[in-house]
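Each chain, written out:
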Amino acid sequence: MIDELELLRKVARARDVDGSDAEGRARIALQEAILAAGGDDRRRASPWLVAVWPARVGIAVALAAAVLLLAALLRSGSTAGPPPAAAAVLQRLARVAGAQPTLEPRPGQYLYTASHSLTSDTVVPAGGHACELIYTQYRQNWVARDGRGLFTEQNGPRHLAAGAPAACAATLRQIGAAPETSRDWAAPGCLALHTVDFAKLPRDPVKLRARLLTGRVEGGPPGAAEAFIQVADLLRESDAPPALRAALYRAAAGLPAVRSLGTIKDQLGRSGLGLAIDSRGTRQELIFDPATGGLIAEQGIQLGRARNGGTRPGSVLYWTSYDRARVVDHLPQPAPLPLRPRCIQGGSTARTVPGHPDDAVLVGTSFLQTRR
Amino acid sequence: MVGEGDDSNAITASLARPEYFAAIFDRHFGTVHRYLARRVGGERAEDLAAATFVIAFERRRSFSSDALSARPWLLGIATNLIHERHRDDTREQATRIRLAAERSPGDADGFDDKAAAVLAEALAGLDSKQRDVLLLYAWADLSYENIALALDVPVGTVRSRLSRARRHVRERLRSEQDVQQLTQGGTPDDR
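Residues numbered from 1 in each chain as written. Chains lettered and ligands numbered in written order. Predicted model: local features only at pLDDT ≥ 70, side-chain atom pairs only at ≥ 80, totals over all residues. Heavy atoms only, no water.

### Quick word on the overall build of chain B
- When you go through chain B residue by residue, the secondary structure sums to ten helices and zero strands.
- Listing the helices and strands of chain B from first to last along the sequence gives α-α-α-α-α-α-α-α-α-α.
- Every one of the 191 residues in chain B was classed for burial, and the buried ones make up 57%.
- Sequence-distant contacts in chain B: of pairs separated by 6 or more residues, those separated by 24 or more amount to 63%.
- Accessible surface for chain B amounts to roughly 8,100 Å². Of this, 42% is attributable to carbon and sulfur atoms. (Helix = DSSP H or I, 4+ residues; strand = E, 2+ residues; numbered from the N terminus. Buried < 20%, exposed > 50% of the residue type's maximum accessible area, 1.4 Å probe, protein only. Contact = heavy atoms within 4.5 Å. Areas by Shrake-Rupley, 256 points an atom, 1.4 Å probe, with all protein chains shown as cover.)

Here is the structure:
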């Protein structure tokens, strides 16, 4: 027996196309519609809705909510896109961030950013073991459009990282564990507001996501985890314009395996909306201010036991919390030495400040200066 | 895992919590996009698939809570969109089927450009309502009952339209023997 149906199906199979790009665009379109209906926040059933709903629907809603939350959890490791909760959070952040004022400093102004972090240095004494030293750091940056500016660091006492070889105790004694403070002024051209040309990044979230996923923004390996971190790279301590920030959030809303953590606190105790992605044994967490859409913190959490056995699952491996960036008119202290020659292609030499061994002025190198 | 039987609950929940509608997207986007791509080509399918889910979300109150699966409802919206936005669908379809055949001439799937051309002509000659029923049946794998839900017509109407559509296509393909040869990789001219 024939079948014309069989022929139709064979023709159809030959016309099938890869729908992954289409899915990304459609998901974003639907998320926009959901957000327009109030799906991202907790403004729930409007009065008319409550009035027309029979009780049995209310029960169904509760059951469905439980089932769907479970489904979202089950899907979190899939490649189908982020669960609804994470996507909704990112779409909400996109709306808020896109409505914020620009942070671009005018000539004579500076972009001011500040961060608190747990950071580390690795020290390798001659003939000895590599020693990882951890300490807290408060860092402030003032960067002008022409690349001049100042950055200061206040480092807390150094400690040995968990699992450090016993010999590292001697290394720590040798270099000293005491807190340190430093100030570095920079001549024009020595610093940069951003390392990526924002003007060349697409505002179309699907195109932007594709570029992030294929490592065509900052380089690095392709993949969702790297793309997620690159979103943070472009947001932190930068003058990224609001439209780009919004596009970055919308691009991240189409990344697979991004999870919503709900409202969580950073290491300074500040609350924000948490999103996470797991990669190479670490849960990368980003925390956002729901009022501004700004990145307020990021941290890495150990997922399994570390290779050296030093850190337990659930340990905070690193963290950084950001103060709100703003544009200011002045540096807090004038530079103690002339800020010249300017840096060419970022190449710089540090000149120490007499009487202040921890301070320096960064200027252009003589080598590069002669080539100018 | 949550199956299609949960669509009704998900859509009901989305009335109060709109973000739950995303579960409907996750479950059915692939099916809807594939159906549309088969009918209007991949490029147009992208826009229509996105519009299908946005429209479905906006009209979610009209979804019958008696229907367990949203698939027929979504495919019905998609079918209506084809007619609203692509009135020249029939002519395009004939072209696209030929292109599909050109993409895979005499391949292992068992049809060639001649078979595809005959089929395209047959589809182009169908009444649009008959074509919708036939393609929902053959390309979206809907049952008679689900086609009735998708197009909001009685099941009896689906049966009669499908029967007429199949007879028309069969006649255009000239004979059962011709079709058998076509599906086996030959052509009527091989006889």
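Here the narrative resumes.
### Examining the packing of helix α4 (residues 71-85) of chain B against helix α8 (residues 144-151) of chain B
Residue and element names in this part refer to chain B.
- At a minimum axis separation of 7 Å, α4 and α8 run at an interaxial angle of 50 degrees. Relative to α8, α4 is oriented oblique. For the pair α4 and α8, the sense of crossing is right-handed. Contact residues: P72, G76 and T79 in α4; N146, L149, A150 and L151 in α8. (Axes fitted to C-alpha atoms, helices over the stretch in contact; angles between N-to-C directions. Parallel < 35°, antiparallel > 145°, perpendicular 65-115°, else oblique. Left-handed = near helix turned anticlockwise from the far one by under 90°.)

### Quick notes on the packing of helix α1 (residues 7-16) of chain B against helix α2 (residues 22-40) of chain B
Residues and elements named next belong to chain B.
- Where α1 meets α2, the axes come as close as 9 Å, and the angle between the chain directions of the two elements is 140 degrees. Compared by their axis directions, α1 and α2 come out oblique. Packed against α1, whose contacting residues are D7, A10 and I11, the element α2 presents I24, R27 and H28 at the interface.
- For the contact of α1 with α2, the per-class residue count stands at three nonpolar, one polar and two charged. (Nonpolar A, V, L, I, M, F, W, Y, C, P; charged D, E, K, R; others polar.)

### Considerations on the nonpolar core
- With 64 residues, the main nonpolar core has L8(A), F21(B), Y35(B), L36(B), W73(B), L134(B) and L136(B) as its most contacted residues.
- When residues of this core are assigned to their parent elements, the largest contribution, ten residues, is made by helix α3 (residues 42-58) of chain B.
- Those residues within four positions of L134(B) in sequence are excluded, and the remaining contacts are L5(A), L8(A), L123(B), L126(B), W139(B), L162(B), A165(B), R166(B) and V169(B). (Core = buried A, V, L, I, M, F, W, Y, C linked by side-chain atoms within 4.5 Å.)

### Here's the deal with the packing of aromatic side chains
All names here are of chain B.
- Going through the model one piece at a time under the given rule, you end up with eight aromatic pairs over all chains.
- A ring pair is formed by F21 and F57, whose centres lie 5.4 Å apart and whose planes are at 70 degrees; its orientation type is edge-to-face. Placement of F21 in the loop between α1 and α2 and of F57 in helix α3 is noted, with a sequence separation of 36 residues between them. Each member of the pair F21 and F57 is classed as buried.
- Between the aromatic rings of F25 and F53, the centroid separation amounts to 5.1 Å while the plane-to-plane angle is 65 degrees, which identifies the pairing as edge-to-face. In this pair, F25 sits in helix α2 while F53 sits in helix α3, placing the two residues 28 residues apart along the sequence. No difference in accessibility class separates F25 from F53, as the two residues are buried.
- Grouped by ring-pair contacts, the aromatic residues F25, F29 and F53 constitute a single cluster. (Phe/Tyr/Trp six-rings, centres within 6.5 Å; stacked < 30°, edge-to-face > 60°.)

### Examining the confidence of the model for chain A
Residue and element names in this part refer to chain A.
- The predicted model of chain A has a mean per-residue pLDDT of 78, with 79% of residues at 70 or higher.
- Strand β11 (residues 326-328) holds the highest mean pLDDT among the elements of chain A, 95, whereas helix α3 (residues 47-52) holds the lowest, 22.
- Considering only residues more than four positions removed or in separate chains, one finds that residues 39-82, a stretch of pLDDT under 50, has 67 contacts.
- Note on residues 367-372: pLDDT under 50 across the span, and seven contacts to partners over four residues away in sequence or across chains. (pLDDT = per-residue confidence, 0-100.)

### Some remarks on the state of the cysteines
Residue and element names in this part refer to chain A.
- On inspection of all chains with the given rule, the structure shows two disulfides over all chains.
- Sulfur-sulfur distance for the disulfide between C131 and C168 comes to 2.1 Å. In this structure the cystine formed by C131 and C168 twists about its S-S bond by roughly -90 degrees; its chirality is therefore left-handed. Residue C131 is found in strand β2 (residues 131-144), and its partner C168 is found in helix α6 (residues 168-175); the two are separated by 37 residues along the sequence.
- Between the sulfur of C190 and that of C343 lies a disulfide, 1.9 Å long from S to S. Because the sign of the S-S torsion sets the handedness, a value of about 75 degrees for the bond joining C190 and C343 places this disulfide among the right-handed ones. Linking C190 in the loop between β5 (180-186) and α7 (205-213) with C343 in the loop between β11 and β12 (348-353), this pair joins segments that are 153 residues apart in sequence. Taken individually, C190 and C343 each receive the classification buried, so the pair is uniform in this respect. (Disulfide = S-S within 2.5 Å.)

### Things to note about the environment of A170(A)
Residues and elements named next belong to chain A.
- Within the secondary structure layout, A170 lies in helix α6.
- A residue is classified by how much of its surface remains accessible, and A170, at 40% relative accessible area, is partly exposed.
- A170 sits 45 residues away from P125 along the chain, and the two C-alpha atoms are 10.0 Å apart.

### Comments concerning helix α7 (residues 128-138) of chain B
Residue and element names in this part refer to chain B.
- Across the eleven residues of α7, eight count as buried, placing the element largely inside the fold.
- The complete set of buried residues in α7 reads Q130, R131, D132, V133, L134, L135, L136 and A138.
- With a side-chain oxygen positioned 3.0 Å from the backbone nitrogen of K129, the residue opening α7 is D127. (Polar contact = N/O pair within 3.5 Å; in protein donor to acceptor, adjacent residues only side chain to side chain.)

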